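# Structural overview for review
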Amino acid sequence: QVQLVESGGGLVQAGGSLRLSCAASGIIFSINAMGWYRQAPGKKRELVATITNSGSTNYADSVKGRFTISRGNPKNTVHLQMNSLKPEDSAVYYCNGISTRATAYWGQGTQVTVSS
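The text that follows walks through the structure, step by step, so that each part is easy to find. (Residues numbered from 1 in each chain as written. Predicted model: local features only at pLDDT ≥ 70, side-chain atom pairs only at ≥ 80, totals over all residues. Heavy atoms only, no water.)

## Side note on the state of the cysteines
Rules: When the sulfur atoms of two cysteines come within 2.5 Å, that pair is taken as a disulfide. Put simply, DSSP H or I for four residues or longer makes a helix, DSSP E for two residues or longer makes a strand, and each gets a number counted from the N terminus. When a residue's accessible area, from a 1.4 Å probe over protein chains only, is under 20% of the maximum for its type it is buried; when over 50% it is exposed; and in between it is partly exposed.
Counted according to the given criterion, the structure contains one disulfide. Between the sulfur of C22 and that of C95 lies a disulfide, 2.1 Å long from S to S. Of note, the bridge from C22 to C95 carries an S-S torsion of about -85 degrees and is left-handed in sense. With C22 in strand 3 (residues 18-26) and C95 in strand 9 (residues 91-99), the pair connects residues that are 73 residues apart, well separated along the chain. By relative accessible area, which is 0% here, C95 ends up buried.

Structure (structure tokens):
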């Protein structure tokens, strides 16, 4: 089993920045990739960014050029640097880990609110 714990959410004005962090514990050697998803009220959960163990990244078009995903040291952590935040970025952000057997693990979520 893998446990994921997010931190770093909060309230920020439009144009501001936030940094989310996620720490994985448990059978972390089984994690092949980590990422961030978000879900706004009344909307489906959507991909924000992912990063593989080899460092390959993938971003949603809506956040390209504004958000940066990175692995921490130790590599059981993942960060999401969010710059130039917009009100439409407001959502609950979830950390995600995918095992080598394609099992998905989720954190409890952290709220990000961007005021206009």
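## Comments concerning the sheet that holds strand 7 (residues 67-71)
How we decide: If DSSP finds at least two bridges between two strands, the strands pair. Angles shown run from 0 to 180 degrees and are taken between the N-to-C directions of axes, each axis being a line fitted to C-alpha atoms and, for helices, limited to the stretch in contact.
On the basis of which strands lie adjacent, the open sheet formed by four strands has the order 1-3-8-7 and antiparallel pairing. Each edge of the sheet is formed by a strand with only one pairing partner; in this case those strands are strand 1 (2-7) and strand 7. When the angles between neighbouring strand axes are averaged without regard to direction, this sheet yields 15 degrees. The pairing of strand 1 with strand 3 spans six bridges and is antiparallel. Paired with V5 across the two strands is A23, which belongs to strand 3.

## Comments concerning the packing of aromatic side chains
Stated precisely, the cut-off is as follows: Note on ring pairs: Phe, Tyr and Trp rings are taken, using the six-membered ring of Trp, and paired if centres are within 6.5 Å. Classes follow the plane angle, with under 30 degrees stacked, over 60 edge-to-face and the rest tilted.
Going through the model one piece at a time under the given rule, you end up with one aromatic pair. Ring centres 5.1 Å apart and planes at 75 degrees place the aromatic pair Y37 and W106 in the edge-to-face group. One end of the pair, Y37, is in strand 4 (residues 31-39); the other, W106, is in strand 10 (residues 104-106), with 69 residues separating them in the sequence. With a relative accessible area of 37%, W106 lands in the partly exposed category.

## Some thoughts on unusual backbone geometry
Positioned with a positive phi, S84 is a non-glycine residue whose angle comes to about 50 degrees. As for its placement among the helices and strands, S84 is situated in the loop between strand 8 (77-82) and strand 9. For A102, which is not a glycine, the phi torsion comes out positive at approximately 65 degrees. With respect to the helices, strands and loops of the structure, A102 is situated in the loop between strand 9 and strand 10.

## Considerations on the environment of K64
As a reminder, the rule being used: Identification of polar contacts relies on pairs of N or O atoms within 3.5 Å, with a donor-acceptor requirement for protein atoms, meaning one able to donate a hydrogen and the other able to accept it, and with residues adjacent in sequence counted only if both atoms are side-chain atoms.
When you line up the elements, K64 lands in the loop between strand 6 (57-59) and strand 7. Within the local environment of K64, its side chain forms a polar contact with the side chain of D61, the two groups lying 3.1 Å apart.

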